[in-house]
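An overview of the molecular structure
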Amino acid sequence: MGGAEKEIMSGRDIILGRIKDALRRPAPHKHNTAVKAADGIPTAEDFQPWLPQVGPEEADQFALFAQHSVNLKTVFLECGSLEEASTQVKEIAAREGWKTIGYHSGTLSTPLTESLGLTLLTTDNGYDTNALEACDAGITECDFLIAQTGSVMVSGPSAGGRALSVLPPHHVVIARRSQMVPDLTTALAEVTLKYDSKFPSFMSFITGPSRTGDIERILVLGAHGPKQLTVIAIP
């Protein structure tokens, strides 16, 4: 009994040690030790930001989004046309053995999906949850791509609701280059202007494929949603 208890405590100590190590990252810290505010309360300028600065040029924003995509394990493809995007998705579908695709109708998602020559399930007018979950991929549009975080902003109107971007194991997002915005602040301001008084009931920021690291800090993809995320930007 004593030996068993010792092994349990040893395993516990290992896990707690890993958690302690993971929490070593400090909170945002001041650039210097001098507090600028006269009242002694630090201002926003006193702190190093968590998120990276974003350049004003489109090329800078796409480069940052691509960099984040590598770190997040998102496949980010820049294509010169919808036809080129279709060719890329056909290659993915052949490689992964796709048979059935779920999609929500849109000016980009409909022609892309219909060009694949696969069995299609549309979520436009209701759907069977089990059938959608059995799809090999879900193809949606989005509201914006966010360079600062590598995120995709989706809503009910742009992505056909929550389920299509969650249930199939591979989520493919098709977007225009003009939908890239520099940061979260801009995305929220733009989406407010876009929907005005008809603001959608569902909105989400998708930052890489679903993941968890809860079990001994081992990264597992597809824990609560798609295991793969592919983002395609066209002119």
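As a convention, each chain's residues are numbered from 1 in the sequence order in which they are written. Local features are withheld for residues below a pLDDT of 70 in this predicted model, meaning they are given only at 70 or higher, and side-chain atom pairs are given and counted only at 80 or more; totals for whole chains, interfaces and linings count all residues. Side-chain metrics in this entry use all non-hydrogen atoms of the structure; hydrogen atoms and water are not considered.

Remarks on the packing of aromatic side chains
Ring geometry is summarised as follows: Phe, Tyr and Trp rings, the Trp one being its six-membered ring, pair when their centres sit within 6.5 Å, and such pairs are stacked at plane angles under 30 degrees, edge-to-face over 60 and tilted between the two. All told, the structure shown has three aromatic pairs when counted by the stated rule. On the numbers, 6.3 Å between centres and 25° between planes, the contact of Phe62 with Phe76 is stacked. Within this pair, whereas Phe62 is found in helix H2 (residues 58-72), its partner Phe76 is found in strand E1 (residues 75-78), the two being separated by 14 residues in sequence. Each member of the pair, Phe62 as well as Phe76, carries the same accessibility label: buried. Ring plane angle 80° and centroid distance 6.4 Å describe the contact between Tyr195 and Phe199, whose orientation is recorded as edge-to-face. Relative accessibility thresholds used throughout: buried, under 20% of the residue-type maximum; exposed, over 50%; partly exposed, between the two (1.4 Å probe, protein chains only). Take Tyr195: its relative accessible area is 13%, and that puts it in the buried class. Among the aromatic side chains, those forming a connected cluster through ring pairs are Phe62, Phe65 and Phe76. Our definition puts a charge over a ring when NZ of Lys or CZ of Arg is within 6 Å of the ring centre and also within 35 degrees of the ring normal. Sitting over the face of the ring of Phe144, Lys194 holds its NZ or CZ atom 5.9 Å from the ring centroid. For helices the rule is a DSSP run of H or I covering at least 4 residues; for strands it is a run of E covering at least 2, with both sets numbered from the N terminus onward.

Quick word on the pairing of strand E3 (residues 119-122)
Summarising the sheet, strand E2 (residues 100-103) and E3 pair through four bridges and their orientation is parallel. Along E3, the bridge assignment pairs Thr100 with Thr119. By convention a crossover is right-handed if, when the strands point away from the viewer, the path from the first strand over the helix to the second runs clockwise. Crossover handedness for the path E2 to helix H4 (residues 109-114) to E3: right-handed. DSSP bridges decide pairing: two strands pair if at least two such bridges lie between them.

Points about the nonpolar core
We call a set of buried Ala, Val, Leu, Ile, Met, Phe, Trp, Tyr and Cys residues a nonpolar core when their side-chain atoms join them within 4.5 Å. If you look at the biggest cluster of nonpolar residues, it comprises 19 residues, and the most contacted ones within it are Trp98, Ile174, Ile232 and Ile234. For this core, the secondary-structure elements that each account for two or more residues are helix H3 (82-96), E2, strand E4 (137-140), strand E7 (170-176) and strand E12 (228-234). With five residues, the single largest contributor to this core is H3. By the convention used here, residues are in contact when the closest approach between their heavy atoms is within 4.5 Å. Not counting the four nearest positions on each side in its chain, Ile232 is found in contact with Leu77, Cys79, Ala85, Val89, Val172, Val173, Ile174 and Ala175. By size, the runner-up hydrophobic cluster in this structure holds 17 residues, among which are Val152, Met180, Ile206 and Ala233.

Comments concerning the confidence of the model for the chain
Detailed reading of the predicted model is not advised wherever pLDDT is low. Residues of the chain with pLDDT of at least 70 account for 77%, and the chain-wide mean is 84. Contacts from residues 1-6, a stretch scored under 50 in pLDDT, to residues over four places away or in other chains number zero contacts. You can read pLDDT as the predictor saying how much it trusts each residue, on a scale of 0 to 100.

Regarding the sheet that holds E2
Strand order in the open sheet formed by six strands is E1-E12-E7-E4-E2-E3, and the pairing between neighbours is parallel. Where the open sheet ends on each side, the last strands, each with one partner, are E1 and E3. Ignoring which end each strand starts from, the neighbouring axes of this sheet average 20° apart. What counts as an axis is a line fitted to C-alpha atoms, over the stretch in contact for a helix, and the angles between N-to-C directions run from 0 to 180 degrees. Across the sheet, H2 touches E1 and E12, and the angle it forms with E1 is around 150°. The strands that H3 touches are E1, E7 and E12; relative to E12, the one it contacts most, it runs at about 160°.

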